[in-house]
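Fold and geometry: a report
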Amino acid sequence: MGLKEERNKKGYSVHKLSILSNISQRTLEAFDGKYRSISTCKLKTLCKLALTLDCSILDLLDDP
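Structural notes, computed from the coordinates. Note that the coordinates shown come from a computational prediction; the quantities given were computed from them, not determined experimentally.

Thresholds applied
Residues numbered from 1 in each chain as written. Predicted model: local features only at pLDDT ≥ 70, side-chain atom pairs only at ≥ 80, totals over all residues. Heavy atoms only, no water. Helix = DSSP H or I, 4+ residues; strand = E, 2+ residues; numbered from the N terminus. Buried < 20%, exposed > 50% of the residue type's maximum accessible area, 1.4 Å probe, protein only. Contact = heavy atoms within 4.5 Å. Salt bridge = Lys/Arg side-chain N within 4 Å of Asp/Glu carboxyl O. Axes fitted to C-alpha atoms, helices over the stretch in contact; angles between N-to-C directions. Parallel < 35°, antiparallel > 145°, perpendicular 65-115°, else oblique. Nonpolar A, V, L, I, M, F, W, Y, C, P; charged D, E, K, R; others polar.

1. Structural notes on the side chain of Ser-18
- Position of Ser-18 among the secondary structure elements: in helix 2 (residues 14-21).
- Judged by its relative accessible area of 12%, Ser-18 falls in the buried class.
- Ser-18 has contacts with Ile-23, Ser-24, Gln-25 and Leu-28, leaving out every residue within four places of it along the chain.

This is how it looks when you write it as structure tokens:
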């Protein structure tokens with residue numbers, strides 16, 4: 001799926017996800033806008049996002 005799809009599925013805005021996951025809004029916007037690949041971020045960041053969105057890390061990664 002991808003981060004944007006998982007975020008939308010939960011009904012979270014980028015701002016809300018930023019607050020809940022303690023990840024900067026700018027970073028999340030870069031992932032959402034495909035300016036930065038989420039597959040290159042730290043495992044710690046992926047874990048925070050997966051826990052916040054109640055999904056697996058693999059769900060956050062974009063399909064190849």
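2. Topic: the pattern of salt bridges
- By the definition in use, this model includes 2 salt bridges.
- Note that Lys-9 is salt-bridged to Glu-6, the shortest N-O span being 3.5 Å. Pair noted here: Lys-9 and Glu-6 are both in helix 1 (residues 3-10), with a separation of 3 residues, about one helical turn.
- Residue Asp-32 pairs with Arg-7 through a salt bridge whose shortest N-O separation is 2.5 Å. Residue Asp-32 is found in helix 3 (residues 25-32), and its partner Arg-7 is found in helix 1; the two are separated by 25 residues along the sequence. Residues Asp-32 and Arg-7 agree in their burial class; the two are buried.

3. Observations regarding the packing of helix 2 against helix 4 (residues 43-53)
- The geometry of helix 2 relative to helix 4 is characterised by a closest axis approach of 10 Å and an angle of 110° between their N-to-C directions. By the criterion of interaxial angle, the relationship of helix 2 to helix 4 is roughly perpendicular. Along the contact surface, helix 2 presents Leu-17, Leu-20 and Ser-21, while helix 4 presents Lys-48, Leu-49, Thr-52 and Leu-53.
- Split by residue class, the contact of helix 2 with helix 4 holds 4 nonpolar, 2 polar and 1 charged.

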